[in-house]
Amino acid sequence: MAQWVLLWHSALDTSHGIVFVRTFMHAPFCLCSCNELQFGTYLWACIYEIFQFLVNLYTERFTQWLRLLSDRANDLTNLDILKVTGWVVEYQDNLIGLGVDESLAQVVSESGAMDPLMNAYVERMQATTRKWYLNILEADKAQPPKKTEDGKLYTPAAVDLFRILGEQVQIVRENSNDVMLYRIALAIIQACSTLQVMIDFQAAERKRFEEPASEIGLEPLCAMINNNLRCYDLAMELSNSTLEALPQNYAEQINFEDTCKGFLEVLKEAVHQTVSVIFEDPGVQELLVKLYHKDWAEGQVTEYLVATFGDYFTDVKMYIEERSFRRFVEACLEETIIVYVDHLLLQKNYVKEETIERMRLDEEVIMDFFREYISVSKVENRVRILSDLRELASAESLDTFTLIYTNILEHQPDCPPEVVEKLVGLREGIPRKDAKEVVQECKEIYEHSLVDGNPPKAGFVFPRVKCLSHSKGSLWRKLT
């Protein structure tokens, strides 16, 4: 019985840069005795050693050839670079098909021989993409937003950006190897240079926030909100498709999540800018300057203010997605509370019974309006500080002041004792000695609540109350 042993020879097709392994030599022998069996085993070992020798030889030569090409990276077009990386992919696939371990087959791609080629490709991709998206953003500023069938505003920026990024990733997926795809993924998401695409796109959008909100306009800001929500969804899709295409060892080194969340941060800023458009409205400004004055006490401020909010809300609700609209309403409520607290602490009129009653009515008006758009619990949580400050302003004894202030610190732990000092100073009939005792007691309560010299957490009100950023000497009445 004859057995045919196949010996593998290899030839390098230099016109395509691919190693093809073919069968050339046949060696017949019979397995009929022990000596012959030993000879057969020896022959197989020789065949394996020859195969390994040829794999190592051609891998070495192929790597040298790649280094020569890499020395001329600047002379090659992007298409030429993708062809070269495509040859590397075919080379690896052929070796794996012949039984070479996958880790050994990837020696060429991980040798660094291709680094200059990949660097040239990535740098060109980044520069071209940056030029494209900057043009997209400029076009967005020059043209009015477009509307979907249901009235939502948008500009082409989001879709165009991710169409460009998707095309870049797809080209590399179809024509290159895992290392190249990994490099492209890093180029898209890293923030290590000004050429990094998604981070730089977000920075370019943020730059527009340097303009006054009223100059940007309500509709462009609403379009920006929708765009960044869309960008987040598209970024997650791109992330998932890219990570699925990468081996686990490369996928584990990629962090798309923070960059994707960056679009939500831009969205949040756009929401606050949209709220600023409302509060910068001359009609709204005219109402706010009347807070805690005669017109306010007669019910001619808060009721008119929420009516103006209602007009804006009707437009914004039509312009942006529902999940963004709820965020917008919450931001508007917070800004309303901050403005009311700021004006309360800045005004110089003594707090009287009619002042306390009007403050209570304000709380009801604000509550009734905002709970039409968001949950009652969210409204109550934010309006609560107005109620607490009203009770603080009407307290009659040291124990009552300290109890109310302690309760405030539970949900607004960064409420400074200067707030108590201001409200006590607005009360008629409290002896200065008693007022000083109240303030001193509240200061001690506040200091005991600190953790390592800082409040346990920041609330949404007092870090943004403008009057608290002024010096105490010019703001507070001295209780001496």
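Keep in mind that this is a model prediction, so the values were computed, not measured. (Residues numbered from 1 in each chain as written. Predicted model: local features only at pLDDT ≥ 70, side-chain atom pairs only at ≥ 80, totals over all residues. Heavy atoms only, no water.)

Asker: Please give an account of the packing of aromatic side chains that cites residues and values.
Answerer: In total, this model carries 17 aromatic pairs according to the counting rule given. With a centroid separation of 5.3 Å and an interplanar angle of 55°, the aromatic rings of Phe369 and Tyr373 are classed as tilted. Of the residues examined, Phe369 reaches a relative accessible area of 12% and is grouped as buried. The exposure class of Tyr373 is partly exposed, given its relative accessible area of 26%. An aromatic cluster of three or more residues is present, and its members are Phe279, Phe309, Phe313, Phe325, Phe328, Phe369, Phe370 and Tyr373. (Phe/Tyr/Trp six-rings, centres within 6.5 Å; stacked < 30°, edge-to-face > 60°. Buried < 20%, exposed > 50% of the residue type's maximum accessible area, 1.4 Å probe, protein only.)

Asker: Lay out the confidence of the model for the protein chain with the relevant residues and their values.
Answerer: In this model, the protein chain carries a mean pLDDT of 80, and residues with pLDDT of at least 70 account for 79%. When the elements of the protein chain are averaged for pLDDT, strand E1 (residues 2–13) gives the smallest value, 31, and helix H14 (residues 302–319) the largest, 97. Counted against residues more than four places away or in other chains, residues 1–37, with its pLDDT under 50, gives 67 contacts. Low pLDDT, under 50, characterises residues 189–195; the stretch is placed with 14 contacts to residues that sit more than four places away or in other chains. (pLDDT = per-residue confidence, 0-100. Helix = DSSP H or I, 4+ residues; strand = E, 2+ residues; numbered from the N terminus. Contact = heavy atoms within 4.5 Å.)

Asker: Go over the side chain of Arg382 with me, naming the residues and quoting the values.
Answerer: Mapped onto the elements of the fold, Arg382 is located in helix H17 (residues 376–393). What makes Arg382 buried here is its relative accessible area of 15%.

Asker: Tell me about helix H16 (residues 353–370), and name the residues and values.
Answerer: With 18 residues, H16 ought to run about 26 Å at 1.5 Å a step, and its terminal C-alpha atoms sit 26 Å apart, in line with that. Listed in full, the buried residues belonging to H16 are Thr355, Ile356, Arg358, Met359, Asp362, Glu363, Val365, Ile366, Met367, Phe369 and Phe370. Buried residues along H16 sit in contact with helix H13 (294–297), H14, helix H15 (322–346) and H17. (Expected span 1.5 Å × (residues − 1).)

Asker: Just give me the short version of the environment of Leu288, but keep the residues and values in it.
Answerer: Looking at where Leu288 falls in the secondary structure, it is placed in helix H12 (residues 282–288). As for Leu288 and Leu305, which are separated by 17 residues in sequence, their C-alpha atoms are 8.2 Å apart. Once you skip the residues sitting within four places of it in the chain, Leu288 turns out to touch Phe279, Leu305, Val339 and His343.

Asker: For the layout of surface pockets, give the residues involved together with the corresponding values.
Answerer: Each pocket or cavity is described by its volume, and for the largest pocket that value is around 420 Å³. Considering the residues around the largest pocket, the lining is formed by 16 residues, among which Phe279, Glu335, Ile338, Val339 and Lys466 are closest to the centre. For the lining of the largest pocket, the secondary structure elements donating two or more residues are helix H11 (257–279), H12 and H15. Ranked by the residues each element gives to the lining of the largest pocket, the list is headed by H15, at six residues. When the residues that make up the lining of the largest pocket are grouped by side-chain class, the tally is seven nonpolar, four polar and five charged. Approximately 360 Å³ is the volume attributed to the second largest pocket. Leu137, Lys141, Ala204, Glu205 and Arg208 are the residues nearest the centre of the second largest pocket, which is lined by 18 residues in total. Those elements giving two or more residues to the lining of the second largest pocket turn out to be helix H4 (115–142), helix H7 (197–208) and helix H9 (218–245). Among the elements that take part in the lining of the second largest pocket, H4 stands out by supplying six residues, more than any other. Taken together, the residues that form the lining of the second largest pocket break down as seven nonpolar, two polar and nine charged. (1 Å grid on protein atoms, 1.4 Å probe; cavity = no way out; pocket = protein on both sides within 12 Å on 5 of 7 lines; lining within 4 Å. Points joined across faces, edges and corners; volume = space filled by probe spheres on them. Nonpolar A, V, L, I, M, F, W, Y, C, P; charged D, E, K, R; others polar.)

Asker: Account for unusual backbone geometry, naming residues and giving values.
Answerer: Even without being glycine, Tyr292 reaches a positive phi, approximately 65°. Examined against the element boundaries, Tyr292 turns out to sit in the loop between H12 and H13. At Asp452, a residue that is not glycine, the phi angle is positive and equals roughly 55°. Its place among the elements puts Asp452 in the loop between helix H20 (432–449) and helix H21 (472–475).

Asker: Run through a negative patch on the surface, naming residues and quoting values.
Answerer: On the surface, Asp399, Asp434, Glu437, Glu441, Glu444 and Glu447 cluster together to form a negatively charged patch. The element contributing the most residues to the negative patch is H20, with five residues. Topologically, Asp434 is positioned in helix H20. The partly exposed category is assigned to Asp434, whose relative accessible area is 36%. (Patch = residues over 30% accessible without salt bridge, like charges linked within 9 Å, V, L, I, M, F, W, Y side chains within 5 Å. Areas by Shrake-Rupley, 256 points an atom, 1.4 Å probe, with all protein chains shown as cover. Salt bridge = Lys/Arg side-chain N within 4 Å of Asp/Glu carboxyl O. Lys, Arg positive; Asp, Glu negative; His and termini not counted. Charge placed at Lys NZ, Arg CZ, Asp CG, Glu CD.)

Asker: Please set out the pattern of salt bridges residue by residue, giving values where relevant.
Answerer: Summed over the entire model, instances satisfying the criterion amount to 23 salt bridges. The residue Arg61 makes a salt bridge to Glu60 at a minimum N-O spacing of 3.4 Å. A relative accessible area of 39% places Arg61 in the partly exposed class. A relative accessible area of 41% means that Glu60 is categorised as partly exposed. One connected set of salt bridges, linked through shared partners, spans Glu330, Glu334, Glu335, Lys378, Arg382 and Arg464.

Asker: Which residues make up the packing of H14 against H15, and what values do they have?
Answerer: Direction vectors running N to C along H14 and H15 enclose 160°, while the axes themselves pass 11 Å from each other. Comparing their axes, H15 and H14 come out roughly antiparallel. Judged by the sense of rotation from one axis to the other, the crossing of H14 with H15 is right-handed. Seen from H14, the contacting residues are Thr302, Leu305, Phe309, Phe313, Val316 and Lys317; seen from H15, they are Glu322, Phe325, Phe328, Val329, Cys332, Thr336 and Tyr340. In terms of residue class, the contact of H14 with H15 is built from nine nonpolar, two polar and two charged. (Axes fitted to C-alpha atoms, helices over the stretch in contact; angles between N-to-C directions. Parallel < 35°, antiparallel > 145°, perpendicular 65-115°, else oblique. Left-handed = near helix turned anticlockwise from the far one by under 90°.)

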